Structure formats: C-alpha cells, structure tokens
Amino acid sequence: MDRLPAAQAAELLTLSRTTTFEAGDVLLRQGEPSRHVMLLQPADPAAVACAKVTAGLEGGAETLLSIRVSGDLIGEQAALRDVPRSATVTACTPLRVAVVTADRFLAFLGGHPEAAQHVAAVLADRLDSANRRRLDFAAYSVPIRLARVLVELADLLGRAGDGGTSIGVELSQPELGRLIGAGEDAVGQAVRRLKTEGFVRPHYRGVTVLDLRGLRRFADLAPVTSEPRPRTRRS
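Thresholds, definitions, all that
Residues numbered from 1 in each chain as written. Predicted model: local features only at pLDDT ≥ 70, side-chain atom pairs only at ≥ 80, totals over all residues. Heavy atoms only, no water. Helix = DSSP H or I, 4+ residues; strand = E, 2+ residues; numbered from the N terminus. Buried < 20%, exposed > 50% of the residue type's maximum accessible area, 1.4 Å probe, protein only. Contact = heavy atoms within 4.5 Å. Areas by Shrake-Rupley, 256 points an atom, 1.4 Å probe, with all protein chains shown as cover. Core = buried A, V, L, I, M, F, W, Y, C linked by side-chain atoms within 4.5 Å. Expected span 1.5 Å × (residues − 1).

(A) Representation of the overall build of the protein in the model. The helix and strand tally for the protein stands at 8 helices and 12 strands. Taken across its 235 residues, the protein has 45% of its residues classed as buried. Within the protein, residue pairs in contact and separated by at least 24 positions form 72% of the contacts whose partners lie at least 6 positions apart. As displayed, the protein has an accessible area near 12,000 Å², and 51% of this comes from carbon and sulfur atoms.

Quick look at the structure:
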C-alpha cells in the first residue's frame with residue numbers, strides 16, 4: 001500500500017498546510033507546472049479518503065490509471081523530477097489534504113533517508129502495479145480483468161455492509177472499463193457474468209462483492225490465509 005509510516009507522515013504534516021476538497025473536486029491537473037505534493041486524509045476520521053488518477057489521451061479520451069486512498073502521497077513525481085503533472089487527480093470522497101511545497105518535501109527527504117527509501121519503494125510499487133495491469137490486458141479476458149480490479153479495491157477499501165463487501169469507492173461502469181482497458185459494452189457483459197456467478201451485486205456507481213473468496217479464485221489470484229476484515233464505520 002502506498003502509505004508513509006505514521007511517524008514520517010506526522011512529521012511531514014508539520015511542514016504542510018491543510019486544505020479540504022469535496023467529491024468531484026480536482027486536486028491536481030495533468031499538464032500543470034505545479035510541484036507541491038499532497039498527503040491524503042479523509043474529511044471524516046471514520047471514513048476512507050479516496051481519489052482517482054486519470055490521464056487524458058489523444059483525441060480527448062481519458063483513462064483511469066489508479067486509485068489513491070488515506071495516507072497516500074500524490075504529486076511526488078513532479079516534485080522529484082521538476083516536470084509538469086503527468087495525470088489528473090480527482091477526489092472521490094470529501095478529503096482533508098496536507099499540502100507540502102516541493103522545496104520542503106525535498107529537504108524532508110534529504111534529512112530523512114528512511115523516508116526517501118520509502119518514497120522510492122512507493123514509486124517502484126506503482127511501476128510494478130502498472131506493469132501488472134499491462135500484463136493483465138494481454139493475458140486475461142475482460143471478466144477476469146474486472147474481477148482482479150474488484151478484488152484489489154475490496155482488499156484496499158472494502159467495507160462490510162448490505163450482505164457483502166462494498167468496494168469502498170463510487171465507480172461507474174465506464175470508469176471501471178477505463179481502469180481495465182475495456183469498452184462499456186464489454187464491461188457491462190463482464191458485470192452481468194460476475195453477477196450470474198454470484199460473485200457481485202452491481203448498483204448505481206458501485207459494486208458489492210458477495211463472495212470475495214470465489215471472486216479471488218475466478219480472478220486467478222493467489223488465495224490468502226484469511227480474508228481481510230472489511231472496514232466498518234465507527235460511531
């Protein structure tokens with residue numbers, strides 16, 4: 001998971017200013033020359049922060065690259081490489097965001113080798129994730145690619161409720177399609193298949209996983225010794 005250890009995150013927070021975003025607000029925009037970094041936190045401490053990372057393609061199309069959640073850093077590539085933003089980041093839930101200037105962030109990394117190693121590991125993990133997704137495109141059918149993404153989201157953001165595990169983020173079928181590189185019709189057929197198999201229950205801008213173990217097997221993912229305990233809201 002792309003999260004700073006608690007002690008490092010706490011120290012980084014002392015260098016930041018905090019701002020808030022509502023669901024649908026753009027945090028970072030592709031092509032902008034800004035270089036600050038952001039640390040994502042939920043507006044509600046009992047909830048999970050969530051943002052989606054998208055990139056525009058030639059001809060006006062857009063692809064959904066990944067999901068970022070509570071504790072994740074975003075924008076670090078622009079700070080480290082002094083290049084324009086490579087993607088757009090949009091809030092999926094209300095967020096509190098700690099904003100750190102590039103100069104402060106780079107000085108922090110220079111004075112904290114462990115933190116710098118962690119950020120390097122995060123970048124490597126993200127590259128591995130991108131490579132896995134490209135391999136998925138070549139090796140698996142659309143239903144299996146969709147199942148793999150739903151398992152990933154359930155593991156990362158899953159919340160218990162309504163007879164199953166919510167994937168924890170609102171994503172339309174076209175957005176799911178962009179995440180797995182499939183058209184809307186193909187995604188619709190894949191969702192119907194997973195529903196028929198009893199793995200999921202689709203609903204407006206979301207999916208509830210009814211059988212996570214079965215979905216994991218269908219997705220050709222290695223079994224785990226125990227399923228992750230879904231997140232529950234604290235009162």
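(B) Local environment of the nonpolar core. With 36 residues, the main nonpolar core has Leu146, Leu150, Leu157, Val169, Leu194 and Leu215 as its most contacted residues. The biggest single contributor to this core is helix 5 (residues 142-157), with 11 residues. Leave out the neighbours within four places in its chain, and Val169 touches Cys50, Cys92, Leu153, Leu157 and Arg205. Counting 15 residues, the second-largest nonpolar core is a separate cluster that includes Phe21, Met38, Ala87 and Ala91.

(C) The arrangement of helix 5 in detail. A rise of 1.5 Å per residue sets the reference length of helix 5, with its 16 residues, at 22 Å; its end C-alpha atoms lie 22 Å apart and thus fit the reference within 8%. In terms of burial, helix 5 is largely enclosed, as 14 of its 16 residues are buried.

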